[in-house]
Each structure stands twice: as structure tokens, then as C-alpha cells.
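Chains, contacts and geometry: an overview
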Amino acid sequence: NALYASEIFFEVSELPALVELACGSVGEAIRLINQNGLSTYRAVLEILSSLPCLDHNKVLSISKQFNYTDGTEKFDFFCSLLHALLGKTRKRKY
């Protein structure tokens with residue numbers, strides 16, 4: 001596949017999640033892999049699944065990623081993941 005041809009390696013078990021989150025885009029899949037997107041996405045899912053009893057420690061854990069020099073880029077990436085998750089939730093509801 002195109003990811004292997006680009007010498008981007010990942011766990012085969014992650015392929016379905018990558019395809020879904022990247023909406024079939026190889027470029028977006030590479031971005032997800034390079035920015036540890038699947039791990040972040042899983043953390044967001046875990047936090048949201050705990051609602052209405054929000055786990056503040058998990059929220060703080062994610063927020064600490066945005067306090068460093070590259071925090072803006074990581075925050076933008078996080079927002080795109082959150083947007084994708086909320087979009088999927090909305091589509092399932094209706």
C-alpha cells in the first residue's frame with residue numbers, strides 16, 4: 001500500500017483506524033502516524049466516554065502536550081482530531 005511505499009511503518013492492527021480517521025487520505029494517515037494521532041484519539045475517546053464524570057487527570061495529561069514550543073501545532077492537530085470525533089458522533093446520532 002501507499003504508506004509502506006512511502007516507508008511509513010505502523011502496526012497492521014491500526015490500519016482500520018488510520019483509514020477511518022484519515023478518510024482514505026494517505027497524507028492524513030502519515031500525519032496521524034507522525035504525530036501519534038491514534039494514541040491521542042484514543043485518549044480523547046476515553047475522556048469523552050467518562051462523561052458526565054470527567055476525569056480531570058486525563059484532561060490535564062492531554063493539555064500538557066500543548067505547553068511546549070511546538071504546542072500550537074500539536075493543539076491544531078488535537079483540534080482536528082476532536083473535530084473528527086464530534087463529526088462522527090453527530091453522524092451516528094442522526
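This text goes with the structure placed above it.
Residues numbered from 1 in each chain as written. Predicted model: local features only at pLDDT ≥ 70, side-chain atom pairs only at ≥ 80, totals over all residues. Heavy atoms only, no water.

Among the secondary structure elements, Glu-46 is positioned in helix H4 (residues 37–49). Separated by 2.2 Å, the side chains of Glu-46 and Lys-58 make a polar contact. (Helix = DSSP H or I, 4+ residues; strand = E, 2+ residues; numbered from the N terminus. Polar contact = N/O pair within 3.5 Å; in protein donor to acceptor, adjacent residues only side chain to side chain.)

Before going further, it helps to examine the nonpolar core. Leu-32 and Ile-62 are the most contacted members of the largest nonpolar core, which totals 16 residues. Secondary structure elements with two or more residues in this core: helix H2 (15–22), helix H3 (26–34), H4 and helix H6 (71–93). When neighbours within four sequence positions are excluded, Leu-32 is seen to be in contact with Leu-18, Leu-21, Ala-22, Gly-37, Leu-38, Phe-77 and Leu-81. (Core = buried A, V, L, I, M, F, W, Y, C linked by side-chain atoms within 4.5 Å. Buried < 20%, exposed > 50% of the residue type's maximum accessible area, 1.4 Å probe, protein only. Contact = heavy atoms within 4.5 Å.)

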